[in-house]
Amino acid sequence: QVQLVESGGGLVQAGGSLRLSCAASGRTFSSVGMGWFRQAPGKEREFVAGISYSGGITYYTDAVKGRFTISRDNAKNTLYLQMNSLKPEDTAVYYCAASRTAYASIYLHEYRYWGQGTQVTVSS
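Residues numbered from 1 in each chain as written. Predicted model: local features only at pLDDT ≥ 70, side-chain atom pairs only at ≥ 80, totals over all residues. Heavy atoms only, no water.

### Description of the side chain of S99
- Position of S99 among the secondary structure elements: in strand 9 (residues 92-99).
- The exposure class of S99 is buried, given its relative accessible area of 5%.
- A distance of 3.0 Å separates the side chain of S99 from the backbone nitrogen of T101, its partner in a polar contact. (Helix = DSSP H or I, 4+ residues; strand = E, 2+ residues; numbered from the N terminus. Buried < 20%, exposed > 50% of the residue type's maximum accessible area, 1.4 Å probe, protein only. Polar contact = N/O pair within 3.5 Å; in protein donor to acceptor, adjacent residues only side chain to side chain.)

### A short note on the nonpolar core
- If you look at the biggest cluster of nonpolar residues, it comprises 28 residues, and the most contacted ones within it are L4, M34, W36, L79, L81, M83 and Y94.
- Of all the secondary-structure elements, those providing two or more residues to this core are strand 3 (18-24), strand 4 (34-39), strand 5 (46-51), strand 7 (68-73), strand 8 (78-83), strand 9 and strand 11 (118-123).
- Among the nonpolar cores identified, the runner-up in size contains five residues, and F37, A97, A104 and Y111 belong to it. (Core = buried A, V, L, I, M, F, W, Y, C linked by side-chain atoms within 4.5 Å.)

### Some thoughts on a nonpolar patch on the surface
- On the surface, Y53, I57 and Y103 cluster together to form a nonpolar patch covering roughly 270 Å² of accessible area.
- Its place among the elements puts I57 in the loop between strand 5 and strand 6 (58-60). (Patch = residues over 30% accessible without salt bridge, like charges linked within 9 Å, V, L, I, M, F, W, Y side chains within 5 Å. Areas by Shrake-Rupley, 256 points an atom, 1.4 Å probe, with all protein chains shown as cover. Salt bridge = Lys/Arg side-chain N within 4 Å of Asp/Glu carboxyl O.)

### Considerations on the packing of aromatic side chains
- Per the counting criterion, the structure on display carries five aromatic pairs.
- Between the aromatic rings of Y53 and Y103, the centroid separation amounts to 5.9 Å while the plane-to-plane angle is 90 degrees, which identifies the pairing as edge-to-face. Here the residue Y53 occupies a position in the loop between strand 5 and strand 6, and Y103 occupies one in the loop between strand 9 and strand 10 (111-114), the gap between them amounting to 50 residues.
- Of the residues examined, Y53 reaches a relative accessible area of 34% and is grouped as partly exposed.
- In this structure, R45 packs its charged tip against the face of W114, placed 5.0 Å from the ring centre.
- Note that R72 overlies the ring of F29, its terminal NZ or CZ placed 4.4 Å from the centroid. (Phe/Tyr/Trp six-rings, centres within 6.5 Å; stacked < 30°, edge-to-face > 60°. Lys NZ or Arg CZ within 6 Å of the ring centre and 35° of its normal.)

Here it is in structure tokens:
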């Protein structure tokens, strides 16, 4: 069993930055891929970024490439998402998720555990 708790969300002006954190419990964190997803009102949950178990491989959706950076600290059982140059269209609830394998995926069904989400609101 893995429990995931996100933090770091909030209200920020366009062009600003936020860093999300996801604290994981359990001994399997360092052996599984992790991902960040987001869900805006009235829209489906979508993949944002993913990282392999060691942190050596990262993936991003095109909309955030060059602005967001995913990273992990396996010693601290923590996943991060550094978000720069935020835009109003980045407004959503952001979720972290633990993959069923050692690698991340863009597909929701390939994640076994999910956090409760943290709200990010970007004002124009």
